[in-house]
Amino acid sequence: MRTITLEEHFVTESFMRATGGPRFAEIQPKLLDLGAGRIADMDEGGIDLQILSLTSMGLDALDPATATTLVRDVNDELAAAVRAHPTRLAGFAALALKDANAAAAELDRCITRLGFAGTLVDGTAGGKFLDDPCFLPFFEAAAHLSVPIYLHPALPPEPVRQAYFSGLPGDLGFVLSIAGWGWHAETALHTLRLIVSGIFDRFPTLQLIIGHMGEGLPYALARTSGVLSRAAPHLRQPVAGYFQSNIHLTTSGYFSQPPLRCALDVVGSDRLLFSIDYPFSPNTRGRSYLEELSDVLSPEDMAKLTHGNAEALLSL
């Protein structure tokens, strides 16, 4: 069965020089590999197609002009890798959102000229959530181009880091602020902010993808939707309704069955897509997880999860 994954990461040498690189030195060689080594890892895990996205930690610290030039170069490098392996690799555009107009123009270039499938952006930009009106040109472009936005977690702004993640021994505060908890809480909050701000009413066809089995939102959605929907009568539907019309979830980084069952119960099989979070998680772990699910999911739902929903959403 064809297998497509959507939250799979890379960096380039130019990006690392400009930003100091990610803080994950042990996997830098895999992040940098856009060729034979990556394809070999995909083969080992039975992955047919990876949608690649920049691990953009450090981009937000750059000034808008520098960041805009940098992501253009990164996108060109990714496009070259996709051209070299067109049946195995595809791309999500990297964007520098501090200049939303430039980001909109770069998204248009990436979709219409480079053939990318959408964009992945990291959480806040310049300390602002994306429901800020200054980011409207970016959303207008995504809606006009009919491509999805993958909302990925970002490092917490400094006041949040100090309030929530300081005072712990060693690197525990940092780990807690990212995959240990903070990333998921922030992206869940961000998703709800986008909904209640009315962004999906303004752009009804806009599609948002969130990873990590929905960042905890499926578990909380009944209560959250009930409370927020009463407080937001301006919305065209209850908060939970947007998870049936505008929001998709991926499995990235999650390899246990209870969160999947919750996501299936709450949002359904039509809006769930398989992802691994490579190279932060190995492809072989994702393949083992899929093999477990063959006893849980019907063949129809397995086909949706592994490739069907991605093909429809990304027009692959």
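Residues numbered from 1 in each chain as written. Predicted model: local features only at pLDDT ≥ 70, side-chain atom pairs only at ≥ 80, totals over all residues. Heavy atoms only, no water.

Participant: What is the right way to look at helix H6 (residues 136–145) in this model?
Facilitator: An α-helical segment advances 3.6 residues per turn. Residues three or four places apart therefore align on the same side. Counting buried residues in H6 gives eight out of ten residues, a clear majority hidden from the surface. Burial in H6 covers these residues: Leu-136, Pro-137, Phe-138, Phe-139, Ala-141, Ala-142, Ala-143 and Leu-145. Ser-146 occupies a position one or two residues after H6 and carries a positive phi of about 60°. (Buried < 20%, exposed > 50% of the residue type's maximum accessible area, 1.4 Å probe, protein only. Helix = DSSP H or I, 4+ residues; strand = E, 2+ residues; numbered from the N terminus.)

Participant: Quick question: what am I supposed to make of the pattern of salt bridges here?
Facilitator: When the charged atoms of two side chains with opposite charge come close together, those side chains can pair. Counted under the stated rule, the structure contains eleven salt bridges. Salt-bridge contacts for Lys-30 lead to Asp-41; the nearest nitrogen and oxygen are separated by 2.7 Å. In this pair, Lys-30 sits in helix H2 (residues 28–32) while Asp-41 sits in helix H3 (residues 36–45), placing the two residues eleven residues apart along the sequence. Salt-bridge contacts for Arg-161 lead to Glu-158; the nearest nitrogen and oxygen are separated by 2.8 Å. Separated by three residues within a single helix, Arg-161 and Glu-158 lie in helix H7 (residues 158–165), roughly one turn from each other. The partly exposed category is assigned to Arg-161, whose relative accessible area is 33%. Taken together, the shared-partner salt bridges connect Arg-72, Asp-76, Glu-106 and Arg-109 into one network. (Salt bridge = Lys/Arg side-chain N within 4 Å of Asp/Glu carboxyl O.)

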